[in-house]
2 protein chains.
Amino acid sequence: MEKNQKVGVIIAAAGEGRRMNGVDKVFASLAGRPVLARVIDVFASVKAVNRIVVLVNENNLERCRQLIAAEHWPLPVVYGSGGQRRQDSVAAGLTLLEDCDWIIVHDGARPLVTSDLITRGLQAAAETGAAAAAVPVTDTIKLAGDDLIVKETLPRANLWAVQTPQVFRYDIISRAYARLTAEVTDDASLVEKYGGRVRLYQGAYDNIKLTSPGDLARAGILLERRGK
Amino acid sequence: MEKNQKVGVIIAAAGEGRRMNGVDKVFASLAGRPVLARVIDVFASVKAVNRIVVLVNENNLERCRQLIAAEHWPLPVVYGSGGQRRQDSVAAGLTLLEDCDWIIVHDGARPLVTSDLITRGLQAAAETGAAAAAVPVTDTIKLAGDDLIVKETLPRANLWAVQTPQVFRYDIISRAYARLTAEVTDDASLVEKYGGRVRLYQGAYDNIKLTSPGDLARAGILLERRGK
């Protein structure tokens, strides 16, 4: 990343609107602070970051407005309506960040992101213009036919489970989105599809995505442990 | 499985000896009961199961003896020393279960196994003689080169993350182990290697393996939720 280049962050928190125990998980409290506020805290703490856009679903617009109004982050944090699919949120974010040179996409439901992960993502993206946090796969992964008979156990070496942050040069991600026709859940794969080279960089096993009950408690313990 | 066939269970709890917060995780308390006791409870509740062998590491032999002595399971539960690698535990278990027709291998650190998972495993193994619980992969998995540049994002369809229980006809698993030379962490893949056909069956996302701090709390919440 060159000097004076602008970095915008898209926090996808709309597709994340499924409810865990009656509370939208990005607004759930994690160690006394809403998940979404924690995510913004971390991005706001990174000096290279200039602007943050949060995409939530329609029902949460007012709640998001209130959350942002109550805070004093040292950079502009705006919000918008995300739409049904994750990609609609990212697309909406891109139109709000047209003046940026670099885009960081992050899942709103990954509150354990760190400034280190963000900074290393920006560094990793420098060469090819696209980078994604990822961790070596620990599960044994098998490929099976429709009859459920195993065809192959994949060699674990060089297999990575992808996370966010994902970092893109603005022109690369916006061009990929302009060509998007099908549903996509991973932005990096969209860039790959149109010939872009994506570099993985070491994510963190504790950079979990809150998806099922128990994840919030788990995140709380991981967070507490980190404080020690 | 035919009538009168004997089913033996190998609980691999030695390779699982890494410590979480100073306590070996299989002896840690989960909702007031040691993880290992919970695992045995579930297998002991399945009518088709005839014998259980628990393999722990040397340091835990006495602890395991005490745990078993204090319980009254309705079937023989024995224990032994597991050795350094997971496969040493399974091999030791096989020699203790030579009179069995079927072997179920289970990770001691997966206390959320259910009798349903075990029963369906026995059914799934009937045809090919080998079955493994597995869940569809939810992460995006990428294959990268040593330079960390993505080569391919694997199509998620037909990719499975393997769990235990894994069920094998005795002759199939014992023959595979007799030929074993390298390190192996997944018994099903060993059977595949020697030409066996392994059938996957639907595992459960909450059938988690306790590996990192926070997992025990998560397991507690998943367990509590199940009770409702």
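Throughout what follows, the structure given in this document is the object of discussion. (Residues numbered from 1 in each chain as written. Chains lettered and ligands numbered in written order. Predicted model: local features only at pLDDT ≥ 70, side-chain atom pairs only at ≥ 80, totals over all residues. Heavy atoms only, no water.)

## Examining the environment of B:Leu117
Residue and element names in this part refer to chain B. Just so we agree on the cut-off: What counts as a helix is a DSSP run of H or I of at least four residues, what counts as a strand is a run of E of at least two, and both are numbered from the N terminus. Exposure classes here rest on a 1.4 Å probe applied to the protein chains alone. A residue is buried below 20% of its type maximum, exposed above 50%, and partly exposed in between. In what follows, residue pairs with any heavy atoms lying within 4.5 Å of each other are defined as contacts.
When you line up the elements, Leu117 lands in helix α4 (residues 115-128). Assessed through its relative accessible area of 2%, Leu117 is described here as buried. Between the alpha carbons of Leu117 and Gln202 there is a distance of 8.2 Å; along the sequence they are 85 residues apart. Not counting residues within four places of it along the chain, the set of residues in contact with Leu117 comprises Pro165, Tyr201, Gln202, Gly203, Ala204 and Asn207.

## Some points on the interface of chain A and chain B
Cut-off, in case you're wondering: By buried area we mean how much accessible surface two parts lose on assembly, using a 1.4 Å probe and totalling the loss over both. The term salt bridge refers to a pairing of a side-chain nitrogen on Lys or Arg with a carboxyl oxygen on Asp or Glu at a separation within 4 Å. Side-chain atoms alone can form a polar contact between residues adjacent in sequence; in general such a contact is a pair of N or O atoms within 3.5 Å, and within protein one must be able to donate a hydrogen while the other accepts it. Throughout, the ten residues Ala, Val, Leu, Ile, Met, Phe, Trp, Tyr, Cys and Pro are labelled nonpolar, Asp, Glu, Lys and Arg are labelled charged, and all others, Gly among them, are labelled polar.
Tallying the contact residues gives 42 residues for chain A and 42 residues for chain B. Counting each side, the surface lost to burial between chain A and chain B is near 3,500 Å², with a carbon and sulfur contribution of 58%. It is A:Lys142, A:Leu148 and A:Ile149 in chain A that bury the most area against chain B; as a group they hold 17% of the surface buried on that side. Here chain A and chain B share 6 salt bridges between them. Among the ionic pairs, B:Asp186 bridges to A:Lys142, the shortest N-O distance being 2.7 Å. In this assembly, chain A and chain B are joined by 20 residue pairs in polar contact (both at pLDDT 80 or more). Within the residue set of the side of chain A that touches chain B, elements represented by two or more residues are β10 (141-144), β11 (150-153), β12 (159-169), α6 (187-193), β13 (199-202) and α7 (215-227) of chain A. Among the elements that take part in the side of chain A that touches chain B, α7(A) stands out by supplying 6 residues, more than any other. Taken together, the residues that form the side of chain A that touches chain B break down as 20 nonpolar, 9 polar and 13 charged.

## Notes on the relation of the copies chain A and chain B
Comparison of the two chain copies shows a relationship of rotation about an axis with a shift along it. Put simply, the rule reads: Copies are brought into register by a least-squares superposition over C-alpha atoms of residues with pLDDT of at least 70 in both.
Turning chain A through 180° and shifting it by 0.0 Å along the axis lays it on chain B, with an RMSD of 0.0 Å. Such a combination of turn and shift is consistent with a two-fold rotation axis. Closest to the rotation axis within chain A is the C-alpha of A:Arg218, separated from it by 2.7 Å. Mapped onto chain B, 100% of the interface residues of chain A are again interface residues, and the two copies thus contact each other with one and the same surface.

## Observations regarding unusual backbone geometry
Residues and elements named next belong to chain A. The linkage connecting Thr164 with the following residue, Pro165, adopts the cis geometry, with an omega of 10°. Considering the arrangement of structural elements, one finds Pro165 in strand β12. Even without being glycine, Ala31 reaches a positive phi, approximately 50°. As for its position among the elements, Ala31 is in the loop between β4 (29-30) and β5 (33-34). Residue classification places Ala31 among the exposed positions, given a relative accessible area of 60%.

## Brief notes about the pattern of salt bridges
Throughout the structure, instances matching the rule amount to 36 salt bridges over all chains. Here A:Glu62 and A:Arg65 are joined by a salt bridge, their closest N and O atoms 2.8 Å apart. Taken together, the positions of A:Glu62 and A:Arg65, both in helix α2 (residues 61-69) and 3 residues apart, correspond to about one turn of that helix. In this structure A:Arg65 comes out as partly exposed when scored by relative accessible area, which is 37%. Note that B:Arg86 is salt-bridged to B:Asp187, the shortest N-O span being 2.8 Å. Highlighted residues: B:Arg86 in helix α3 (residues 86-96) and B:Asp187 in helix α6 (residues 187-193), separated in sequence by 101 residues. A relative accessible area of 13% places B:Arg86 in the buried class. What makes B:Asp187 buried here is its relative accessible area of 2%. Through salt bridges that share partners, A:Arg86, A:Asp107, A:Arg110 and A:Asp187 make up one connected network.

## Considerations on helix α5 (residues 170-178) of chain B
Within an α-helix, residues lying three or four positions from one another point in the same direction, as the helix has 3.6 residues per turn. Listing the buried residues of α5(B) in full gives B:Tyr170, B:Ile172, B:Ile173, B:Ala176 and B:Tyr177. For α5(B), the elements touching its buried residues are α3, β8 (102-107), α4, β12 (159-169) and α6 of chain B.

## Points about the packing of α3(B) against α5(B)
All names here are of chain B. The test is simple: Lines are fitted to the C-alpha atoms to define the axes, a helix being fitted only along its stretch in contact, and any angle between axes, read from their N-to-C directions, falls within 0 to 180 degrees. For classification purposes, an angle smaller than 35 degrees is called roughly parallel, one larger than 145 roughly antiparallel, one from 65 to 115 roughly perpendicular, and anything else oblique. Left-handed describes a crossing whose near helix is turned anticlockwise from the far helix through less than a right angle; right-handed describes the clockwise counterpart.
Contact geometry for α3 and α5: axes closest at 11 Å, N-to-C directions at 130°. Relative to α5, α3 is oriented oblique. Every pair of crossing elements has a handedness; the one defined by α3 and α5 is left-handed. Side by side, α3 and α5 meet where Gln87, Val90, Ala91, Leu94 and Thr95 of the first sit next to Tyr170, Ile173, Ser174 and Tyr177 of the second.

## Structural notes on the packing of α7(A) against helix α7 (residues 215-227) of chain B
At a minimum axis distance of 8 Å, the contact between α7(A) and α7(B) shows a crossing angle of 160°. What the angle tells us is that α7(A) and α7(B) run roughly antiparallel. The element α7(A) and its partner α7(B) pack so that their crossing is right-handed. Across the interface between the two elements, A:Asp215, A:Ala217, A:Arg218 and A:Ile221 of α7(A) pack against B:Asp215, B:Ala217, B:Arg218 and B:Ile221 of α7(B).

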